[in-house]
Amino acid sequence: MKARRANSRDRILAAAADVAREAGPGSLSLDAVASRAGVSKGGLLYNFPTKAKLMQGLVENYLKEFEQALETRVAEGSHEGALSAYIELSADDCEKPKPSASWMFSAIAEDPDFLAPIKAFKRQLFERLKGETDDLGSLLVCFLAIEGLRSMNLFDSDVLSPEEHKLLVSSLLKIAG
């Protein structure tokens, strides 16, 4: 029974991600997600009692996938360390088109704990990177620059040209060494 629940939860998250990509997260409806996932609305609500919880599940799923992709890049050994892998993975992620972040504000208003997994993930990641470097100043510059790039991307306020974006990433990779 648990495997079946996990499977329906995964199907719901995959369907929600698809619907959010197509219609934008602000237009995400529970009915559309349930229909796409092939579950009843009751089944969706069993797994995610509110739209905010569904959005939180999407964020947690994204963080898990990002962490797995980071581990894969580090394990490939083509980077000098986790910081370089983080910079490249984040830069690649920022190049993908993103829908409006307006959904995030409504989710936060409904449930202020929505940001908790993001904060915990970033703190854990920063502590890991800090443990792998002797140069805290360089780490701070790289980490904050990438987080700034992510924020501009998230809020659709990126002011960098593609050339400036590439220059930033290559400069950060040099700093990361």
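The sections below set out a description of the structure shown in this document. (Residues numbered from 1 in each chain as written. Predicted model: local features only at pLDDT ≥ 70, side-chain atom pairs only at ≥ 80, totals over all residues. Heavy atoms only, no water.)

### Focus: the packing of aromatic side chains
Considering all chains together, one arrives at five aromatic pairs under this definition. Pairing F66 with Y86 gives two aromatic rings, centres 6.5 Å apart and planes at 85 degrees, and the pair type is edge-to-face. Here the residue F66 occupies a position in helix α4 (residues 51-76), and Y86 occupies one in helix α5 (residues 82-95), the gap between them amounting to 20 residues. Take F66 and Y86: they sit in the same class, and that class is buried. Ring geometry for F66 versus F121: centroids 6.1 Å apart, planes at 85 degrees, classification edge-to-face. One end of the pair, F66, is in helix α4; the other, F121, is in helix α7 (residues 116-131), with 55 residues separating them in the sequence. Among the residues examined, F121 registers a relative accessible area of 11% and is labelled buried. One aromatic cluster is present, formed by Y62, F66, Y86, F121, F126 and F143 through successive ring pairs. (Phe/Tyr/Trp six-rings, centres within 6.5 Å; stacked < 30°, edge-to-face > 60°. Helix = DSSP H or I, 4+ residues; strand = E, 2+ residues; numbered from the N terminus. Buried < 20%, exposed > 50% of the residue type's maximum accessible area, 1.4 Å probe, protein only.)

### With respect to the pattern of salt bridges
For the structure shown, the criterion picks out 10 salt bridges. In this structure, the salt-bridge partner of R36 is D18, at a minimum N-O distance of 3.8 Å. One end of the pair, R36, is in helix α2 (residues 30-37); the other, D18, is in helix α1 (residues 2-23), with 18 residues separating them in the sequence. Assessed through its relative accessible area of 40%, R36 is described here as partly exposed. (Salt bridge = Lys/Arg side-chain N within 4 Å of Asp/Glu carboxyl O.)

### Observations regarding the nonpolar core
Of all hydrophobic cores here, the largest spans 42 residues; its most connected members are I12, V33, L54, Y86, I87 and L129. Discounting residues that sit within four places of it in the chain, V33 has contacts with I12, A15, A16, V19, L28, L44 and L54. (Core = buried A, V, L, I, M, F, W, Y, C linked by side-chain atoms within 4.5 Å. Contact = heavy atoms within 4.5 Å.)

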